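One-letter residues, chain by chain:
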Amino acid sequence: MSLRPRQVNFQDTWRHVQLTANEIVSVKPVTNRNWSDCFSDIYSLCVSYPDCHLEQLYNSTCDLLIDHVTRLRRKLLQVEGQHLPQVYTDSWENYREGARYLNILYSYFNREFHNQNNLSTCDPSDIQPNSSVHLMEIYQLAMKLWKVEMVDHVISLVVQATLAEFNKECNWVVEMCWHIAPLTMSLVEIESEKSSPLQLYEDTLEAPLLSLFSAHCKQYSSQLLEQDDYSNYLLQAGAKLDEMRGVFSTSGVHPSTQAKLAAVCEEHLIRDHLGYLCSGVNTIMKNEVKSDLGNLCRLLCCVKGALHPLLTAFEEHVKSKGMACVTYSLHHL
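Here is a short report on the structure shown in this document. (Residues numbered from 1 in each chain as written. Predicted model: local features only at pLDDT ≥ 70, side-chain atom pairs only at ≥ 80, totals over all residues. Heavy atoms only, no water.)

**Some remarks on the overall build of the chain**
Short version of the rule: Secondary structure elements are defined from DSSP: runs of H or I of at least 4 residues count as helices, runs of E of at least 2 residues count as strands, and each element is numbered from the N terminus. Each residue is assigned to one of three classes by its accessible area relative to the maximum for its type, calculated with a 1.4 Å probe on protein chains only: buried under 20%, partly exposed between the two thresholds, exposed over 50%. To be clear on the numbers: accessible area is Shrake-Rupley with a 1.4 Å probe, and residue cover counts the displayed protein chains and nothing else.
On a plain count of helices and strands, the chain comes out with 14 helices and 0 strands. Beginning at the N terminus, the succession of helices and strands in the chain can be written as α-α-α-α-α-α-α-α-α-α-α-α-α-α. Per-residue burial for the chain yields a buried fraction of 45% across its 333 residues. Taken as a whole, the chain presents about 17,600 Å² of accessible surface, with 52% of it coming from carbon and sulfur.

**A look at the nonpolar core**
Going by this rule: For this analysis, a nonpolar core means a set of buried residues of the types Ala, Val, Leu, Ile, Met, Phe, Trp, Tyr and Cys, connected via side-chain atoms within 4.5 Å. Here, residues are in contact when the closest pair of their heavy atoms is within 4.5 Å.
Judged by nonpolar contacts, the single largest core of 90 residues is most densely connected at Y88, Y95, Y106 and W146. Residue contributions to this core peak at 15 residues, all from helix α6 (residues 138-168). Excluding anything up to four places from it in sequence, Y106 contacts W14, V17, I42, L57, T61 and I138.

**Description of the pattern of salt bridges**
Side chains that carry opposite charge are capable of pairing whenever their charged atoms lie near each other. To keep it simple, the criterion reads: The term salt bridge refers to a pairing of a side-chain nitrogen on Lys or Arg with a carboxyl oxygen on Asp or Glu at a separation within 4 Å.
For the structure shown, the criterion picks out 12 salt bridges. Note that R73 and E149 form a salt bridge whose closest N and O atoms lie 3.5 Å from each other. With R73 in helix α3 (residues 54-77) and E149 in helix α6, this residue pair connects regions lying 76 residues apart in the sequence. Each member of the pair, R73 together with E149, is buried. A salt bridge links D242 to R298; its shortest N-O distance comes to 2.5 Å. In this pair, D242 sits in helix α9 (residues 230-250) while R298 sits in helix α13 (residues 290-300), placing the two residues 56 residues apart along the sequence.

**A short note on the packing of aromatic side chains**
To be explicit about the condition: Any two rings among Phe, Tyr and Trp, with Trp reduced to its six-membered ring, count as a pair given centres within 6.5 Å; such a pair is stacked if its planes are under 30 degrees apart, edge-to-face if over 60, and tilted if neither. The criterion is that NZ of a Lys, or CZ of an Arg, lies within 6 Å of the ring centre and within 35 degrees of the ring normal, and then a charge sits over that ring.
Under the criterion given, the structure shown has 9 aromatic pairs. When the centroid spacing of 6.2 Å and the interplanar angle of 5 degrees are considered together, the rings of F10 and W14 count as stacked. A residue pair is termed a helical-turn pair when its members lie 3 or 4 positions apart in one helix, as F10 and W14 do in helix α1 (residues 10-25) at 4 residues. No difference in accessibility class separates F10 from W14, as the two residues are buried. Centre to centre, the rings of W92 and W146 are 5.6 Å apart; their planes meet at 55 degrees, and the pair counts as tilted. In this pair, W92 sits in helix α4 (residues 84-105) while W146 sits in helix α6, placing the two residues 54 residues apart along the sequence. A cation sits over an aromatic face here: K240 above Y220, 4.7 Å from the ring centre.

**Brief notes about the side chain of H68**
Along the chain, H68 turns up in helix α3. Look past the residues within four positions of H68 in its chain and what remains in contact with it is V25, S26 and Y95.

**Section: unusual backbone geometry**
Across the junction of Y49 and P50, the peptide omega takes the value 5 degrees, indicating a cis bond. Tracing the backbone shows P50 in the loop between α2 (32-47) and α3. A positive phi angle, near 50 degrees, is found at D228, a position not held by glycine. The phi angle at E288 is positive, at roughly 55 degrees, despite the residue not being glycine. Within the secondary structure layout, E288 lies in the loop between α12 (281-287) and α13.

**Examining the packing of α1 against α4**
Our working definition: For helices, the axis comes from a line fit to the C-alpha atoms of the stretch in contact; other axes are also lines fit to C-alpha atoms, and the angle between any two N-to-C directions lies between 0 and 180 degrees. Here the angle decides the label: under 35 degrees means roughly parallel, over 145 means roughly antiparallel, 65 to 115 means roughly perpendicular, and every other value means oblique. Here the nonpolar group is Ala, Val, Leu, Ile, Met, Phe, Trp, Tyr, Cys and Pro; Asp, Glu, Lys and Arg are the charged ones; every other residue, Gly included, is treated as polar.
Between α1 and α4, the least distance of the axes is 7 Å, while the angle of their chain directions is 140 degrees. With respect to α4, the element α1 is oriented oblique. Note on element contacts: α4 touches α1 through N94, Y95, G98, Y101, L102 and L105, opposite A21, I24 and V25. A breakdown of the residues in the contact of α1 with α4 according to their chemical character gives 7 nonpolar, 2 polar and no charged.

**A short note on the state of the cysteines**
Convention followed: Cysteine sulfur pairs qualify as disulfides if the two atoms are within 2.5 Å.
Counted by the stated rule, this structure contains 0 disulfides. Cysteine C217 shares no disulfide, and the gap to the nearest cysteine sulfur, in C265, comes to 4.1 Å. Not engaged in a disulfide, the cysteine C301 finds its nearest cysteine sulfur in C297; these two sulfurs lie 4.1 Å apart.

**Some remarks on the environment of Y230**
What counts, and what does not: Here a polar contact means two N or O atoms within 3.5 Å. Within protein one must be a hydrogen donor candidate and the other an acceptor candidate, and residues neighboring in sequence count only if both atoms are side-chain atoms.
Mapped onto the fold, Y230 is located in helix α9. The class of Y230 is buried, set by a relative accessible area of 16%. When the C-alpha positions of Y230 and G280 are compared, they lie 7.5 Å apart, and in sequence the two are 50 residues distant. Not counting residues up to four positions away in its chain, the partners in contact with Y230 are Y276, L277, S279, G280, V281, I284 and L296. At a separation of 2.4 Å, a polar atom in the side chain of Y230 contacts the main-chain carbonyl oxygen of L277.

**What about the side chain of T20?**
With respect to the helices, strands and loops of the structure, T20 is situated in helix α1. Exposure remark for T20: the relative accessible area of 9% places this residue in the buried category. In contact with T20, not counting residues within four places along its chain, are V30, N34 and C38.

**Description of the environment of V154**
Here V154 is to be found in helix α6. Between the C-alpha atoms of V154 and Y88, which are 66 residues apart in sequence, the distance is 9.2 Å. What V154 contacts, discounting residues up to four positions off in sequence, is R73, L76, L77 and Y88.

In structure tokens:
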């Protein structure tokens, strides 16, 4: 590999680069020789003299990625609804891996623009992918094109199909671990350079997910209330909260969403039924049902200020018991 700048025919050199780049972005095997030759060709294009081919290389690579993502999108749209989430996930994971390898192959290109301060430092959402005014690193370009050519066209269908499958599952929250995580990753990673990297994820996936989970929790609490068993409600509601917290922490759902899902669960199992929960306080104290007292305390601790009626009743109960003991002792002196 010669490091000396020389005149290079762009079209002839690009044909060789294009073949290898297509293999890499498709996550197909590439020999060491082809990789080395392609790396040398990219270097030659970047340092070509007297005509530099940096912008041509950038624009041609952009077109290559657009063609690749467009083919993936067309294949995806031919898939039946219930299989959309899995096909999207597979396509995304392969594309991301290929884009990372492509970014390594273009490392000199990326470094050259960094050295010249020509790589854009502004919000990628404001950049046109094939613009030569603001250029992006190849991986950043690949993420931008995935959003423009894939996500903007199919994400509503993928999310709809994903949540529809959850609705069919009896224990769909556990199923969420395997489906939501890669979908979340794709929506967050393609916006990672933005000033608000979670906006797309929150609008397209988190909002409908919270809505569906809210309906699930409402239905569950209503079923418990229909059983008209106060002790069972305390026990089952507490168990449900513990189960959900465990699922959220290991589900792969974005951390910002975990807290929101937990809040939805607490809202419909506790806040919406505070009156019902507090209605049994006096009975619990009178009969000294310790298991119910522990379960109720655990639930009310989740809501600020909700423990006040329980504490008041407990104080009154202690006073009553104390006075009874004093009265008994006085009568038997």
